[in-house]
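One letter stands for each residue in the lines below.
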Amino acid sequence: MPLTPTDWGAAADLGVRTNGSDASLRGAEPDTHESRQMTARPFERHAPVKATSGDRSADAADVDMRLDHPAVRVLSVEDLNDNQEIITRILRGAGHRVDCAANGNEAITLLDLNEYDLILMDIQMPVMGGIEATQLIRHADHPRHDIPILAMTGNTQPDRVEQLSAAGITDVISKPFRKAYLLKKIALWTTPDDVGTALPAAREDMMPPNFNQDDFDEFLSLMGPDTALRWINTLHTQLLPSVLGAMDDLIERPEIVHDIVAKAGMLGFRGLSASCARLEQQILGNRALDEFATTQREARRVNDALPRMRQMMNALR
Amino acid sequence: MLIDRKSSQRGIASSLIVDDDEYFRIALRNILSVRLGVSTINEAESFDEAIEYLTKAEDTDLVVFDLGMQGMNTRAAIRTVRDSFPNALVVVVSASCNRQDVLCCLEAGAHGYVHKGIGPGGLTSALNLICEGTVFVPSFLPELESSEDVVTPQDVGLNERDADVLQRITPRQTEVLRLLVEGLSNKGIARELGLSESAVKFHLSALFRHFGVSNRVEAATQGAKLLATDPD
């Protein structure tokens, strides 16, 4: 049975939808909206925990708070007060500690004064923007040059992502985002596991369930990190966005699905590869696209894992 | 996965990869050179390029084909290579998991069909088995679930004889035949189609075999009849 757009609208939290305005974050997080979305996604494995303590005056309606991750210290860099308030509320609600900076300059000052585990970085800000601040922090002499910096941006076009990556951004969180997505990204980048010292498998929980580590290791040993990086980037910026978008657009381009079968399979993403192979048969056979929901679920998981793999490859180069 | 095993194991010295996806050509190249120890590996992006290469390097042991490249009639292409280079192993490496594609390749004489989704380790094992003389087919082949998708020539509006003829001649060979019927020399055909003369000779000998004739005049006579019935 074909799905309707509302069934797979969840793609919005994966950075595939772009929205040029920073202000688009405003009002993105009403709790009722969030909880409705969560119940509509039964495949998200959450362990809902009721809030029990802490400064939670504004979070009475939060029921899906995740405490299955360690609390961390976050520096949130954002010039718009409304956005800052939303981010702060989400993070504190999840048990994290948050300090706020209104621009890159303030961020660098605070980074000198306090210990942080991660930075959330807006890109367009007065005084000093996110790219410049990131470049300064990434300078080899900076004592915290290895801190994860997650860009918060409405522009996730491939060339923009490349630009952010070149500046030293660790990962991109596209606006508007969902609470669960933001928390997941923070957990991903603050879970103890020194980047570069282990292959992605070292953190199996970060990889999709149908990821085959042996395949990826074999691929890496055959092709080297540079080529692996090219494949990962192609999957991430050229192929997956089509699968995470609208079904009607994808039907017109079965060659994308065909391409993913091979590339995902070679990188060890067997679940995605197999699902795309079945979807291709359904598209070419003009049959009901029963496989589409599975393909999107697999694609989402792979999409989430790719930035970390990219980081690993960069470290190996 | 084994359906037959030939007696002798072959060492592969010279190979040709035919795939329009550059990424995959590089991956296959590394698998062949690093894991299978193949010393000579060449690449072609199209069937035309493959034929140009094969007519010059007849000692090629192994030809690895992708399916569905532009201007390629799979069955005819595999058949042509099998007929003309009987000593070469022909392997199809494709992302398609359509049973009909597999059966069609085997029917045309391929020594194996390897699905791209099985990953680098799986590809290495499959290629090793094929080089050892095993005919390799994917594990989904016995699944009959998708057999309803079989597209018969009648479904696409061809009568059986025309369909048969069209499936046995590649689009390129049809062009060569057309120019032959028009009376062009090998050199003229080569110039017209942007091919080398050796490639034209190659296509002509394939056509001679197809018609069961021994010279170009007979082939042109047969060809004229065939082209007269061809809707194009």
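Parameters at a glance
Residues numbered from 1 in each chain as written. Chains lettered and ligands numbered in written order. Predicted model: local features only at pLDDT ≥ 70, side-chain atom pairs only at ≥ 80, totals over all residues. Helix = DSSP H or I, 4+ residues; strand = E, 2+ residues; numbered from the N terminus. Buried ≥ 20, exposed ≤ 12 C-beta atoms within 10 Å, placed from the backbone. Contact = placed C-beta atoms within 7 Å. Pairing = 2+ DSSP bridges. Axes fitted to C-alpha atoms, helices over the stretch in contact; angles between N-to-C directions. Parallel < 35°, antiparallel > 145°, perpendicular 65-115°, else oblique. Nonpolar A, V, L, I, M, F, W, Y, C, P; charged D, E, K, R; others polar. pLDDT = per-residue confidence, 0-100. Expected span 1.5 Å × (residues − 1). Bend = angle between axes of the 7 residues up to and from the residue. Core = buried A, V, L, I, M, F, W, Y, C linked by C-beta atoms within 7 Å. Right-handed = clockwise from strand over helix to strand, strands pointing away.

J.: Would you explain the overall build of chain B in this entry?
T.: Looking only at helices and strands, chain B has 10 helices and seven strands in total. Within the span of chain B, comprising 232 residues, buried residues form 41% of the whole.

J.: What am I meant to see in the overall build of chain A here?
T.: If you tally the helices and strands in chain A, you get 11 helices and five strands. Expressed as a percentage of the 317 residues in chain A, the buried residues total 44%. When contacts within chain A are restricted to residue pairs at least 6 apart in sequence, long-range pairs at least 24 apart make up 66% of them.

J.: What am I meant to see in the sheet that holds strand β4 (residues 149-153) of chain A here?
T.: Residue and element names in this part refer to chain A. A sheet is described by the order of its strands in space; here five strands give the open sequence β2-β1-β3-β4-β5, paired in parallel fashion. Of all strands in the sheet, those bounded by a partner on one side alone are β2 (97-101) and β5 (171-174). Across the sheet, the axes of successive neighbouring strands diverge by a mean angle of 25°, strand direction being ignored. As judged from the four bridges shared by strand β3 (residues 118-122) and β4, these two strands associate in the parallel manner. In the sheet register, D122 faces β4, and the bridge partner there is M152. In the packing of helix α6 (residues 179-190) onto the sheet, the strands contacted are β1 (73-77), β3, β4 and β5, and the crossing angle to β5 comes to about 170°.

J.: Is there a simple way to explain the packing of helix α7 (residues 213-244) of chain A against helix α5 (residues 119-131) of chain B in this structure?
T.: When two helices pack together, their arrangement is captured by the angle between the axes and the distance separating the axes. Running from amino to carboxyl end, α7 of chain A crosses α5 of chain B at an angle of 75°, the nearest separation of the two axes being 6 Å. One finds that α7 of chain A runs roughly perpendicular with respect to α5 of chain B. Contact with α7 of chain A, carried on its side by D214, D215, E218, F219 and L222 of chain A, involves G119, P120 and G121 of chain B of α5 of chain B and no other residues of that element. Across the contact of α7 of chain A with α5 of chain B, the residue classes tally to three nonpolar, two polar and three charged.

J.: Before we go on, may I ask you to explain the confidence of the model for chain B in this structure?
T.: The predicted structure's coordinates, where accompanied by low pLDDT, should not be read in detail. Residues and elements named next belong to chain B. Averaged over chain B, the pLDDT score is 82; the fraction of residues at 70 or greater is 82%. Confidence over residues 1-8 falls short of pLDDT 50; this stretch has 12 contacts with residues more than four positions distant or in other chains. Segment residues 151-162 is flagged for pLDDT under 50; beyond a separation of four residues in sequence, or across chains, it makes six contacts in the model. Both scores are given for the predicted complex: the pTM is 0.58, the ipTM 0.71.

J.: Sorry, what's going on with unusual backbone geometry here?
T.: With glycine set apart, most residues show a phi of negative sign, and most peptide bonds adopt trans. All names here are of chain A. Cis rather than trans, the peptide bond between K175 and P176 has omega equal to -5°. Within the element layout of this structure, P176 appears in the loop between β5 and α6. Phi angles above zero are rare outside glycine, and V127 is one such case at about 70°. Within the secondary structure, V127 is located in the loop between β3 and α4 (130-138). On the neighbour-count criterion, V127 (12 C-beta atoms within 10 Å) is exposed. The backbone of N286 sits at a positive phi, close to 55°, despite the residue not being glycine. Topologically, N286 is positioned in the loop between α10 (270-284) and α11 (292-316). Assessed through the 9 C-beta atoms surrounding it within 10 Å, N286 is described here as exposed.

J.: What is the right way to read the packing of α7 of chain A against helix α1 (residues 22-35) of chain B from this model?
T.: For the pair α7 of chain A and α1 of chain B, the least separation of the axes is 12 Å and the interaxial angle reads 170°. Here α7 of chain A is positioned roughly antiparallel relative to α1 of chain B, judged by the angle of their axes. Contact residues: L222, M223, T227 and W231 of chain A in α7 of chain A; Y23, I26, A27, N30, I31 and V34 of chain B in α1 of chain B. Looking at side-chain class alone, the contact of α7 of chain A with α1 of chain B contains eight nonpolar, two polar and no charged residues.

J.: Help me understand the interface of chain B and chain A in this model?
T.: Reports often express the size of an interface as the amount of accessible area lost when the parts come together. Taken together, the contact pairs 18 residues of chain B with 22 residues of chain A. Elements represented by at least two residues in the side of chain B that touches chain A include exactly α1 and α5 of chain B. Counting residues per element, the side of chain B that touches chain A draws most heavily on α1 of chain B, at seven residues. The residue makeup of the side of chain B that touches chain A, split by class, is 10 nonpolar, six polar and two charged.

J.: Any chance you could explain α7 of chain A here in plain terms?
T.: The periodicity of an α-helix, 3.6 residues per turn, causes residues three or four places apart in sequence to face the same way. Under the 1.5 Å per step criterion, the end-to-end length of α7 of chain A is only 24 Å for 32 residues, more than 12% shorter than the ideal 46 Å. Where α7 of chain A bends most, at G224 of chain A, the angle is about 115°, and the proline P225 of chain A comes one to four residues later.

J.: So what exactly am I meant to see when it comes to the nonpolar core here?
T.: Taken as a class, soluble globular proteins show a tendency for nonpolar side chains to be buried jointly. By size, the foremost hydrophobic cluster in this structure holds 102 residues, and its most contacted members are A264 of chain A together with V18, V63, V64, F65, V90 and V91 of chain B. If one sorts the elements of this core by residue count, α7 of chain A sits on top with 13 residues. In this view, V64 of chain B contacts S15, I17, V18, L28, V91 and V93 of chain B; residues no more than four positions away in its chain are not counted. Judged by nonpolar contacts, the second largest core, of 36 residues, contains L118, L120, V161 and L188 of chain A.

J.: Before we go on, may I ask you to explain the pairing of strand β3 (residues 40-44) of chain B in this structure?
T.: Residue and element names in this part refer to chain B. Of the pairings in the sheet, the one linking strand β2 (residues 14-18) to β3 comprises five bridges and is parallel in character. Along β3, the bridge assignment pairs L16 with N42. Of the crossover connections in this fold, the one passing from β2 over α1 to the parallel β3 is right-handed.

J.: What should I look at first to understand the pairing of β5 of chain A in this one?
T.: In summary, the side chains of a regular strand alternate between the two faces of the sheet. Residue and element names in this part refer to chain A. In β5, alternate side chains face the same way, and those of D171 and I173 on one face and V172 and S174 on the other are all buried. Pairing analysis gives four bridges linking β4 to β5, with the strands arranged parallel. Bridging from a neighbouring strand, A151 pairs with V172 of β5.

J.: Looking at this structure, I do not really get the confidence of the model for chain A. What am I missing?
T.: All names here are of chain A. Scored by pLDDT, chain A has a mean of 75; 74% of the residues are at 70 or more. Confidence drops under pLDDT 50 across residues 1-66; counting only partners more than four residues distant or on other chains, this segment forms 98 contacts. Note on residues 194-204: pLDDT under 50 across the span, and 20 contacts to partners over four residues away in sequence or across chains.

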